[in-house]
Amino acid sequence: MERLLAVANSRPMWLACGALVAVVLVQAMAFLRLCRREADRIGYPRSAITRAAADGAVTAVGPALAASVVMLTMMTFIGGPVTWQRFNVIGAVQTEPFVAQTAAEALGLTLGGPGYGVAALTMCCAVMALNTSGWLLFTVFFTGSMDRVRRRIAGGDVQKLALMTSGAMIGLFTYLSMEGLTAGFEYLAGAGDSVGMGAAVATISAFAAQMVLDRVVSARAPRFRSYVFGAALVIGTLAAYCAVPVK
Amino acid sequence: MPHSTHDEDKHWLKPVNRIGIATNCAAIGAGFLPAVYLYMAYGEFPPLEGFFAAWGLVLAAFGAVYVVEPISYFPALGTAGTYMGILAGSIGQMRVPAALIAKGAAGVEEDSHEAEIVGTAGIAGSVILSTAVTTATVAAGGMIMAYLPDAVMRTLEAYVLPAMFGAVLALFTGAGRLRVTVATVIAALVLSVCVTVYQAVPLPEWSLMIVTIVIGVVAARVCAPGGRE
């Protein structure tokens with residue numbers, strides 16, 4: 001394990017892993033530059049683009065910190081550079097611990113256990129890269145035509161398109177909220193653990209806080225509207241902690 | 001109209017696709033560098049059967065998601081946002097909320113060209129910030145987290161994401177779509193409990209995402225006829 005971590009944390013590995021992180025950053029900056037250029041062309045204020053980027057950045061602080069907790073665990077198994085690379089691309093918390101574990105198990109090993117060496121790490125890196133490539137190849141081939149397909153389905157009817165979009169997004173975030181809500185149901189049915197109940201409390205209270213605060217702030221102090229989302233997050237998390245403190 | 005669709009295609013969509021395709025192709029190549037370096041430097045690789053077994057399992061777990069996720073998130077992310085979201089990940093947790101908050105604060109009209117530009121800038125901002133946080137985390141190792149008490153770390157890990165999903169659901173619900181959301185949540189909860197808790201409906205878990213999206217679209221059609229809401 002010591003040799004493995006020495007290899008995994010070596011300088012060339014930082015460089016090899018940093019290349020992908022650099023691509024992620026370069027892409028975001030290139031799109032931001034294009035946004036500014038397009039804003040100039042259509043006469044939209046440049047300052048609004050900078051403000052939008054700042055608003056987007058603030059939104060990501062909470063979830064990015066939450067992911068950092070999982071990153072620290074992964075660093076002890078596959079080293080800093082690979083963890084850094086994988087947590088900057090698709091998959092991250094949801095897939096990479098599973099992929100690392102699956103790669104180890106396919107060799108009859110456990111992650112970080114006896115026999116888990118450089119060969120296993122090499123394979124783990126290859127499988128993770130192949131997994132990410134699946135998503136990326138799909139976007140390379142199909143993103144350009146997705147908008148055309150979407151508009152064709154709605155038949156050019158803007159109201160219908162907006163309705164379909166909002167219905168699809170309500171469905172999508174209902175699905176993402178289901179893990180917490182189902183865990184709460186399991187707890188009430190006597191099967192799950194209490195943290196599941198806390199997750200359900202977090203989902204429901206953040207939903208309610210966002211609905212109520214947005215209505216109140218929009219009516220009385222619209223300039224504070226961009227802070228409502230952050231406040232709803234804090235209220236949801238605190239409500240869950242008060243209902244079921246995590247030990 | 002200050003600009004035509006033709007102009008949008010020429011000045012926005014074309015460069016967006018050019019940047020997106022070039023960078024995502026570069027990302028595919030860069031993703032393999034650690035494996036290539038390790039193999040070239042140490043010459044160790046496990047038996048190929050093990051490699052194909054692992055890849056097969058991962059493909060079985062996520063193969064459908066490669067297709068479902070880009071299609072599902074596209075309406076919220078737009079074209080540039082899809083390239084960024086699919087490369088940088090954490091779409092539901094960071095990219096969609098970033099686009100929504102940016103558009104909401106700017107007060108742009110839904111589905112307009114301005115909304116797409118502002119949403120894209122919001123997503124780009126979230127990507128730059130999350131890259132900075134992950135970089136700081138690995139650079140400082142356990143130091144950053146050592147300042148946070150254990151209870152705070154575990155609370156963040158357990159509750160931030162469910163709260164985030166609840167709040168984003170409320171953002172889409174807005175003032176006039178509460179009935180759509182309530183109907184979708186009830187139907188999805190019944191389905192999710194039947195599939196994951198009682199295993200009473202023989203649906204694979206990966207299909208729940210797309211089925212719930214269809215439920216949302218149907219609920220919008222039924223509960224908001226003609227798009228009145």
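Residues numbered from 1 in each chain as written. Chains lettered and ligands numbered in written order. Predicted model: local features only at pLDDT ≥ 70, side-chain atom pairs only at ≥ 80, totals over all residues.

Trainee: For this particular structure, what's the right way to read the overall build of chain A?
Mentor: The number of helices and strands found in chain A is nine helices and zero strands. Sequence-ordered secondary structure for chain A, helices as α and strands as β, is α-α-α-α-α-α-α-α-α. In terms of its C-alpha atoms, chain A occupies a principal-axis envelope of roughly 60 × 55 × 35 Å. Counting all 247 residues of chain A, 55% fall into the buried class. (Helix = DSSP H or I, 4+ residues; strand = E, 2+ residues; numbered from the N terminus. Buried ≥ 20, exposed ≤ 12 C-beta atoms within 10 Å, placed from the backbone.)

Trainee: Would you mind going over the overall build of chain B with me for this structure?
Mentor: When helices and strands are tallied, chain B shows nine helices and zero strands. Seen through its C-alpha atoms, chain B measures out along the principal axes to roughly 65 × 55 × 40 Å. For chain B, with 229 residues in total, the buried portion stands at 48%. Taking contacts inside chain B between residues at least 6 apart in sequence as the whole, the part at least 24 apart equals 56%. (Contact = placed C-beta atoms within 7 Å.)

Trainee: Help me understand the confidence of the model for chain B in this model?
Mentor: Parts of the prediction with low pLDDT should not have their coordinates interpreted in detail. Residue and element names in this part refer to chain B. When the pLDDT values of chain B are averaged, the result is 86; 93% of them are 70 or greater. Per-element confidence in chain B ranges from a low mean pLDDT of 63 for helix α6 (residues 142-147) to a high of 95 for helix α2 (residues 33-42). Taken together, the chains of this predicted complex give a pTM of 0.78 and an interface ipTM of 0.77. (pLDDT = per-residue confidence, 0-100.)

Trainee: What am I meant to see in the interface of chain A and chain B here?
Mentor: The parts lose accessible area when they come together, and the size of an interface is often stated as this lost area. Across the contact, 139 residues belong to chain A and 141 residues belong to chain B. Taken together, the elements giving at least two residues each to the side of chain A that touches chain B come down to α2 (11-42), α3 (46-78), α4 (80-86), α5 (92-106), α6 (118-153), α7 (158-188), α8 (194-220) and α9 (228-243) of chain A. Taken together, the residues that form the side of chain A that touches chain B break down as 94 nonpolar, 36 polar and nine charged. (Nonpolar A, V, L, I, M, F, W, Y, C, P; charged D, E, K, R; others polar.)

Trainee: Quick question: what am I supposed to make of the environment of S72 of chain B here?
Mentor: Take S72 of chain B: it is sitting in helix α3 (residues 48-88). Residue S72 of chain B is classed as buried on the basis of its C-beta count, with 22 C-beta atoms lying within 10 Å. Sequence separation between S72 of chain B and I210 of chain B is 138 residues, and the spatial gap between their C-alpha atoms is 7.4 Å. Setting aside residues up to four positions removed in sequence, S72 of chain B forms contacts with L172 of chain A together with M209, I210 and I213 of chain B.

Trainee: Before we go on, may I ask you to explain the packing of α8 of chain A against helix α7 (residues 150-173) of chain B in this structure?
Mentor: When two helices pack together, their arrangement is given by the angle between the helix axes and the distance between those axes. Two elements in contact, α8 of chain A and α7 of chain B, have axes separated by 7 Å at closest approach and are oriented at 35 degrees. Considering how the two elements wind past one another, α8 of chain A and α7 of chain B form a crossing that is right-handed. Along its contact with α8 of chain A, which presents V195, G198, A199, A202, T203, I204, A206, F207, Q210 and M211 of chain A, the element α7 of chain B presents A158, Y159, P162, A163, F165, G166, A167, L169, A170, L171 and T173 of chain B. Along the lines of polarity and charge, the residues of the contact of α8 of chain A with α7 of chain B split into 16 nonpolar, five polar and no charged. (Axes fitted to C-alpha atoms, helices over the stretch in contact; angles between N-to-C directions. Left-handed = near helix turned anticlockwise from the far one by under 90°.)

Trainee: Please explain the confidence of the model for chain A as it appears in this structure.
Mentor: The share of residues in chain A with pLDDT of 70 or more is 92%, and the mean pLDDT across the chain is 87. Within chain A, α5 of chain A has the poorest average pLDDT of any element, 77, and α2 of chain A the best, 97.

Trainee: I'm lost on the nonpolar core in this one. Help?
Mentor: For soluble globular proteins, nonpolar side chains are generally found buried alongside one another. Within the largest apolar cluster, 159 residues are counted, with the highest numbers of intra-cluster contacts made by A103 and C124 of chain A together with M84, L87, A121, A167 and V168 of chain B. Considering every element that reaches this core, the biggest residue donor is α3 of chain A, with 16 residues. Inspection of this core shows a minimum of three residues originating in each of domain 1 (2-153) and domain 2 (158-243) of chain A. Sequence-distant contacts of A121 of chain B, defined by excluding residues within four places in its chain, comprise L32, C35, I49, A52, A53 and G56 of chain A together with A102 of chain B. (Core = buried A, V, L, I, M, F, W, Y, C linked by C-beta atoms within 7 Å. Domains from an automatic or database assignment.)

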